[in-house]
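This is what each chain is made of:
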Amino acid sequence: TYVVIDNCIACKYTDCVEVCPVDCFYEGENMLVIHPDECIDCGVCEPECPADAIRPDTEPDMEKWVEFNRKYSEAW
Ligand code: SF4
């Protein structure tokens, strides 16, 4: 799965949301998040992010971001 990290805070672009083929972006409190179970790992959103906030969970120390993305994508 891909996840959104805190570089997203205050970013006003939603290019990532528009390209996602499965609509798995959700609004968190002050940033977007990706539902980790709905993301199909296609990767098309990553280069669209001007803030470099979208990362694959295969990067080191991403567990907390996966949980964060899950929590806020299921919050409402
Ligand atoms: Fe959506 Fe693909 Fe990005 Fe996952 S990797 S959030 S499916 S655009």
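To be clear, the structure that these remarks concern was listed above.
A brief report on the enclosed structure follows. None of these values were measured; they are calculated from a predicted model. (Residues numbered from 1 in each chain as written. Predicted model: local features only at pLDDT ≥ 70, side-chain atom pairs only at ≥ 80, totals over all residues. Heavy atoms only, no water.)

## Here's the deal with the overall build of the protein
In terms of helices and strands, the protein carries two helices and four strands. Along the chain direction, N to C, the helices and strands of the protein fall in the order β-α-β-β-β-α. Rg of the C-alpha trace for the protein: 11 Å, near the compact-globule value of 11 Å for 76 residues, within the 12% margin. Each of the three principal axes of the protein carries a C-alpha extent, and together these read 25 × 25 × 20 Å. Taking all contacts inside the protein whose residues are at least 6 apart in sequence as the whole, residues at least 24 apart take part in 68%. Between the averaged position of the 5 positive side-chain charges in the protein and that of its 18 negative side-chain charges there is a distance of 8 Å. (Helix = DSSP H or I, 4+ residues; strand = E, 2+ residues; numbered from the N terminus. Rg over C-alpha atoms; globule rule 2.2 N^0.38 Å. Contact = heavy atoms within 4.5 Å. Lys, Arg positive; Asp, Glu negative; His and termini not counted. Charge placed at Lys NZ, Arg CZ, Asp CG, Glu CD.)

## Description of the state of the cysteines
Across all of its chains, the model carries zero disulfides by this definition. Counting only cysteine sulfurs, C20 is the nearest neighbor of C24, a cysteine outside any disulfide, at a range of 3.6 Å. (Disulfide = S-S within 2.5 Å.)

## Considering the nonpolar core
Judged by nonpolar contacts, the single largest core of 22 residues is most densely connected at V4, F25, I34 and I54. Looking at this core, the elements that each hand over two or more residues are β1 (2-4), β3 (32-34) and α2 (63-73). Contact partners of I54, with chain neighbours within four places excluded, come to Y2, V3, C16, F25, I34, C45, E46 and C49. (Core = buried A, V, L, I, M, F, W, Y, C linked by side-chain atoms within 4.5 Å. Buried < 20%, exposed > 50% of the residue type's maximum accessible area, 1.4 Å probe, protein only.)

## As for the packing of aromatic side chains
Following the criterion strictly, the structure yields two aromatic pairs and no others. When the centroid spacing of 5.2 Å and the interplanar angle of 70 degrees are considered together, the rings of W65 and F68 count as edge-to-face. Of this pair, W65 and F68 both sit in helix α2, three residues apart, which is roughly one turn of the helix. In this structure W65 comes out as buried when scored by relative accessible area, which is 12%. Aromatic side chains F68 and Y72 sit 4.7 Å apart centroid to centroid with 45 degrees between the ring planes, which places their arrangement in the tilted category. (Phe/Tyr/Trp six-rings, centres within 6.5 Å; stacked < 30°, edge-to-face > 60°.)

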